[in-house]
Amino acid sequence: MTEHSTNAGVRADVWLWAARFFKTRSLAKEAIDGGKVELNDVTCKPAKTVQIGDTLKVTRGEERLTCVVAALSTKRGPAPEARKLYEETAASIAQRERQREDRRLTGGALLRPGSRPDKRSRRLIQDLKKQL
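Quick caveat, the model's predicted, so the values are computed rather than measured.

Here is what the cut-offs are and how they apply
- Residues numbered from 1 in each chain as written.
- Predicted model: local features only at pLDDT ≥ 70, side-chain atom pairs only at ≥ 80, totals over all residues.
- Heavy atoms only, no water.
- Salt bridge = Lys/Arg side-chain N within 4 Å of Asp/Glu carboxyl O.
- Helix = DSSP H or I, 4+ residues; strand = E, 2+ residues; numbered from the N terminus.
- Buried < 20%, exposed > 50% of the residue type's maximum accessible area, 1.4 Å probe, protein only.
- Pairing = 2+ DSSP bridges.
- Contact = heavy atoms within 4.5 Å.
- Axes fitted to C-alpha atoms, helices over the stretch in contact; angles between N-to-C directions.
- pLDDT = per-residue confidence, 0-100.
- Phe/Tyr/Trp six-rings, centres within 6.5 Å; stacked < 30°, edge-to-face > 60°.
- Core = buried A, V, L, I, M, F, W, Y, C linked by side-chain atoms within 4.5 Å.

A few points about the pattern of salt bridges
Then comes step 1: Taken as a whole and judged by the stated rule, the model has 12 salt bridges.
Then comes step 2: A salt bridge links Arg-96 to Glu-63; the shortest N-O distance between them is 3.0 Å. Placement of the pair is Arg-96 in helix α4 (residues 90-106) and Glu-63 in strand β6 (residues 63-69), with a sequence separation of 33 residues.
Then comes step 3: The residue Arg-100 makes a salt bridge to Glu-97 at a minimum N-O spacing of 2.5 Å. Of this pair, Arg-100 and Glu-97 both sit in helix α4, 3 residues apart, roughly one helical turn.
Then comes step 4: In this structure Glu-97 comes out as partly exposed when scored by relative accessible area, which is 43%.
Then comes step 5: In this structure, a network of salt bridges that share partners links the residues Arg-60, Glu-63, Glu-88 and Arg-96.

As for the sheet that holds strand β5 (residues 55-60)
Then comes step 1: With antiparallel pairing, 5 strands are arranged side by side in an open sheet as β3-β2-β5-β6-β7. A single partner strand is all that each edge strand has here, and the edge strands are β3 (42-43) and β7 (86-88).
Then comes step 2: In terms of strand pairing, β5 meets β6 through 6 bridges, oriented antiparallel. Within the sheet, the bridge partner assigned to Val-58 lies in β6 and is Leu-65.
Then comes step 3: Here α4 sits on the sheet in contact with β6 and β7, set at roughly 165° to β6.

Some words on the confidence of the model for the chain
Then comes step 1: Per-residue confidence for the chain averages 89 on the pLDDT scale, and 92% of its residues sit at or above 70.
Then comes step 2: When mean pLDDT is compared element by element in the chain, helix α1 (residues 12-18) scores highest at 96, while α4 scores lowest at 89.

Things to note about the packing of aromatic side chains
Then comes step 1: By the definition in use, this model includes 3 aromatic pairs.
Then comes step 2: Both rings, one in Trp-15 and one in Tyr-86, keep their centres 6.4 Å apart while their planes meet at 75°; by these two values the pair is edge-to-face. Separated by 71 residues along the polypeptide, Trp-15 in helix α1 and Tyr-86 in strand β7 bring together distant segments of the chain.
Then comes step 3: What links up through ring pairs into an aromatic cluster is the set Trp-15, Phe-21 and Tyr-86.

A short note on the nonpolar core
Then comes step 1: Counting 24 residues, the largest nonpolar core has Trp-15, Leu-16, Phe-21, Val-37 and Leu-56 as the members making the most contacts within it.
Then comes step 2: Counting residues per element, the ones that place at least two in this core are α1, α2 (25-33), β2 (37-39), β5 and β6.
Then comes step 3: With 5 residues, the top contributor of residues to this core is α1.
Then comes step 4: Look past the residues within four positions of Val-37 in its chain and what remains in contact with it is Leu-16, Ala-31, Ile-32, Thr-43, Cys-44, Leu-56, Lys-57 and Val-58.

In structure tokens:
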């Protein structure tokens with residue numbers, strides 16, 4: 001379903017959208033402008049040409065992916081087709097697994113109370129919410 005481009009390259013924002021790193025092309029453009037995407041270890045612009053063999057470092061929230069461009073496409077297709085456009089490096093996969101395990105062990109860094117609030121505490125919480 002995804003047409004693979006045969007030309008010399010594809011715009012970075014279009015490729016990121018087609019590879020399903022971002023839901024819309026404008027979100028891909030914002031991420032590139034915000035410095036969340038590096039092409040060959042250099043920050044890039046949305047119109048920068050992506051070629052097969054280039055290395056992309058994409059930061060989405062706490063997640064940082066490092067991948068190598070395996071194919072080019074200007075059309076967004078199904079997820080299995082999009083996964084064929086890039087290959088994530090082994091170091092990137094290991095780092096993401098390590099971070100996922102850290103989040104699991106720390107409980108996502110949330111401080112949870114030992115029990116539910118009692119009647120008085122609930123009323124204090126409700127009063128506080130009304131003031132905000």
